[in-house]
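What follows is the residue order along each chain.
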Amino acid sequence: FDILGVLISVGFIYVTIVSSRSLIGSFFKQYYRLMTVAAIFFGSGFVLEILGGVVGLSVDTKDVIHHILLIGAGIMFTYTGVVLPKEAAKLSGASEALKKP
């Protein structure tokens, strides 16, 4: 399952980078960068699980670091999921105010 986690995180990283280069991403660069960092944290946890045995980390150490990275990624994804729509609503409200005569 660790390989699957790495593949999913590579997909997350790709999607967030491509999305950040879109028109919408240009308005919300900070949040797309945060999502990219979260995807990197997510993937790093799984890479650590795979390579931890090669490096010589104990199972407990790998698990602790893996879960810290996953929790950190979850916090970042949750933050952007809550704040990004609010920022979009503010921007939309500002654009609607400019349209009114």
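In case you missed it, the structure is sitting above this.
Residues numbered from 1 in each chain as written. Predicted model: local features only at pLDDT ≥ 70, side-chain atom pairs only at ≥ 80, totals over all residues. Heavy atoms only, no water.

Colleague: Can you help me understand the overall build of the protein in this one?
Modeller: In terms of helices and strands, the protein carries four helices and zero strands. Helices (α) and strands (β) of the protein occur, in sequence order from the N terminus, as α-α-α-α. The C-alpha radius of gyration of the protein comes to 18 Å, more than 25% above the 13 Å expected for a compact globule of 101 residues. Overall size of the protein, expressed as C-alpha extent along the three principal axes, is 65 × 20 × 20 Å. Burial status across the protein gives 29% buried among its 101 residues. Considering only residue pairs separated by 6 or more positions, the protein has 69% of its internal contacts joining residues 24 or more positions apart. (Helix = DSSP H or I, 4+ residues; strand = E, 2+ residues; numbered from the N terminus. Rg over C-alpha atoms; globule rule 2.2 N^0.38 Å. Buried < 20%, exposed > 50% of the residue type's maximum accessible area, 1.4 Å probe, protein only. Contact = heavy atoms within 4.5 Å.)

Colleague: Just checking my understanding: could you explain a nonpolar patch on the surface for this structure?
Modeller: Nonpolar side chains collect at one region of the surface, where Ile-3, Leu-7, Val-47, Ile-50, Leu-51, Val-54, Val-55, Leu-57, Val-64, Ile-65 and Ile-68 lie side by side and expose about 990 Å² of accessible area between them. Those elements that place two or more of their residues in the nonpolar patch are helix H1 (2–20), helix H3 (29–55) and helix H4 (59–99). In terms of residues, the nonpolar patch owes the most to one element, H3, which gives five residues. Mapped onto the elements of the fold, Val-64 is located in helix H4. (Patch = residues over 30% accessible without salt bridge, like charges linked within 9 Å, V, L, I, M, F, W, Y side chains within 5 Å. Areas by Shrake-Rupley, 256 points an atom, 1.4 Å probe, with all protein chains shown as cover. Salt bridge = Lys/Arg side-chain N within 4 Å of Asp/Glu carboxyl O.)

Colleague: It is not clear to me how the side chain of Thr-36 should be interpreted in this structure. Could you clarify?
Modeller: Tracing the chain through its elements places Thr-36 in helix H3. The class for Thr-36 is buried, based on a relative accessible area of 14%. Here the side chain of Thr-36 touches Tyr-32 through a polar contact of 2.9 Å, landing on its backbone oxygen. Not counting chain neighbours up to four residues away, the residues in contact with Thr-36 comprise Ile-13, Thr-16 and Ile-17. (Polar contact = N/O pair within 3.5 Å; in protein donor to acceptor, adjacent residues only side chain to side chain.)

Colleague: Help me understand H3, please; the structure alone is not making it clear to me.
Modeller: Because each turn of an α-helix spans 3.6 residues, side chains separated by three or four positions in sequence point in the same direction. Approximately 40 degrees is the largest bend angle found in H3, and it occurs at Glu-49. Of the residues one or two after H3, Gly-56 is the one with positive phi, at around 100 degrees. (Bend = angle between axes of the 7 residues up to and from the residue.)

Colleague: In this structure, what is going on with H1? I would like to understand it.
Modeller: Helix length check: H1 (19 residues) gives 27 Å between terminal C-alpha atoms against 27 Å at 1.5 Å per residue, within 8%. Along H1, the positions that sit buried rather than exposed are Gly-5, Val-6, Ser-9, Thr-16 and Ser-20. Across the axial projection of H1, the buried residues extend over an arc of 100 degrees, all falling on one side. Along H1, the residues that are exposed and aim more than 90 degrees away from the buried face are Ile-3, Leu-7 and Tyr-14. In this structure, the buried side of H1 is in contact with helix H2 (23–27) and H3. (Expected span 1.5 Å × (residues − 1). Arc of directions from axis to C-beta.)

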